[in-house]
Amino acid sequence: MSTDGLVVVDKAGGMTSHDVVARVRRLARTRRVGHGGTLDPMATGVLVIGVGRATRLLTYVIGSAKGYTATIRLGQATVTDDAEGEVVATTPAGDVTDDAIRGGLAGLTGEIAQVPSAVSAIKIDGKRAYKRVREGEQVTLAARPVTISRLDPLAIRRPAPDLVDVDVEVVCSSGTYVRAIARDLGAGLGVGGHLTALRRTAVGGFTLAEASTLEELEKVAPEVVNLPLADAARRFFAAREATVDEARTLSHGGPLDQAGIDGPYAVFAPDGGLLAIVRERAGRARPEVVFTGS
């Protein structure tokens with residue numbers, strides 16, 4: 001069975017994130033597998049998978065910033081805000097200038113209130129929004145704060161007289177919908193827009209450079225873990241080295257003296273193993289997750 005740790009997968013198009021989890025379960029020969037942030041079937045790229053005890057790190061992975069490259073088509077709006085949905089409105093976009101597009105992207109950058117796509121996985125009265133849309137309901141979700149720290153045009157192409165394709169690079173906070181960026185850019189320009197391609201290039205510090213396809217993982221199964229548990233924690237968190245006495249205290253869920261480290265951080269045993277993820281509050285370093293035992 002694979003070592004506890006993270007697997008950085010380069011997801012292929014046409015698969016759900018749960019499809020990837022199921023494949024990794026089979027390859028790693030363990031049921032204890034989860035993912036650190038959903039990718040739509042249309043999307044490709046970085047999907048961080050936790051195996052064994054590393055599934056307990058995924059809460060932190062999910063909350064980290066994400067990077068994407070994407071293509072937005074102006075001139076058509078779809079019911080799903082991406083290419084998988086039916087076109088519901090067509091407005092000629094040929095007269096939209098490059099400067100107007102750049103201005104529209106700039107207006108969507110920074111700390112904004114974004115209305116999620118109606119076909120998101122957000123629950124409304126216990127049912128996913130996308131299921132309500134598929135059943136013919138009109139769904140409007142409340143705006144939520146997100147941060148889009150980079151929304152840069154890479155290329156502006158005109159594949160047909162009435163259509164404009166905009167390739168963009170996006171760096172954004174967790175909870176941001178790139179489909180909604182496409183929708184809002186098109187709406188702001190008065191021509192409608194939707195997403196035609198999406199590739200996730202980074203999750204936190206994990207990038208495509210270290211990602212493996214499922215086909216590549218098949219060749220090394222069951223040893224599919226890219227980053228063993230302790231190595232993954234050192235990559236993702238600030239580190240604190242514990243003494244023998246501190247390690248004993250943490251292993252029983254007890255707090256340590258504070259060390260003045262911001263945010264959640266990883267504490268390591270004298271032998272280098274990961275003991276816990278802790279956060280300092282009320283003058284003590286209190287464990288949020290303890291990794292001793294199983």
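The shown structure was predicted, so the numbers you read here are calculated from the model rather than taken from an experiment. (Residues numbered from 1 in each chain as written. Predicted model: local features only at pLDDT ≥ 70, side-chain atom pairs only at ≥ 80, totals over all residues. Heavy atoms only, no water.)

Can you lay out a positive patch on the surface for me, pointing to particular residues and giving the numbers?
Side chains of Lys123, Arg128, Lys131 and Arg134 sit close together on the surface and give a patch of like positive charge. With respect to the helices and strands, the residue Arg134 is situated in helix 4 (residues 129-134). Arg134 sits in the exposed class, given a relative accessible area of 69%. (Patch = residues over 30% accessible without salt bridge, like charges linked within 9 Å, V, L, I, M, F, W, Y side chains within 5 Å. Areas by Shrake-Rupley, 256 points an atom, 1.4 Å probe, with all protein chains shown as cover. Salt bridge = Lys/Arg side-chain N within 4 Å of Asp/Glu carboxyl O. Lys, Arg positive; Asp, Glu negative; His and termini not counted. Charge placed at Lys NZ, Arg CZ, Asp CG, Glu CD. Helix = DSSP H or I, 4+ residues; strand = E, 2+ residues; numbered from the N terminus. Buried < 20%, exposed > 50% of the residue type's maximum accessible area, 1.4 Å probe, protein only.)

Give a description of helix 1 (residues 17-28) that names residues and reports values.
The terminal C-alpha atoms of helix 1, which comprises 12 residues, lie 16 Å apart, in line with the 16 Å expected from a rise of 1.5 Å per residue. Among all positions of helix 1, only Ser17, Val20, Val21, Val24, Leu27 and Ala28 are buried. Viewed along the axis of helix 1, the buried residues span an arc of 125 degrees, placing them on a single side of the element. Directly beyond the C-terminal end of helix 1, a positive phi value near 60 degrees is found at Arg29. (Expected span 1.5 Å × (residues − 1). Arc of directions from axis to C-beta.)

How would you explain the sheet that holds strand 19 (residues 284-290) if you had to name every residue and give the values?
Pairing is mixed in the open sheet, where five strands are placed in the order 15-17-18-19-16. Strands at the two margins of the open sheet, each flanked by one partner only, are strand 15 (239-241) and strand 16 (256-257). As paired strands, strand 15 and strand 17 (residues 265-268) are joined by three bridges and run parallel to one another. Counted as the bridge partner of Glu241 is Phe268 from strand 17. Contacts from helix 7 (residues 229-236) reach strand 15, strand 17 and strand 18 (274-281), with the element oriented near 140 degrees to strand 17. (Pairing = 2+ DSSP bridges. Contact = heavy atoms within 4.5 Å. Axes fitted to C-alpha atoms, helices over the stretch in contact; angles between N-to-C directions.)

Please provide a residue-by-residue account of the environment of Pro159, values included.
Among the structural elements, Pro159 can be located in strand 10 (residues 144-160). For the pair Pro159 and Arg73, spaced 86 residues apart in sequence, the C-alpha separation works out to 9.8 Å. Beyond its immediate chain neighbours, meaning those up to four positions away, Pro159 contacts Arg73, Val164 and Asp165.

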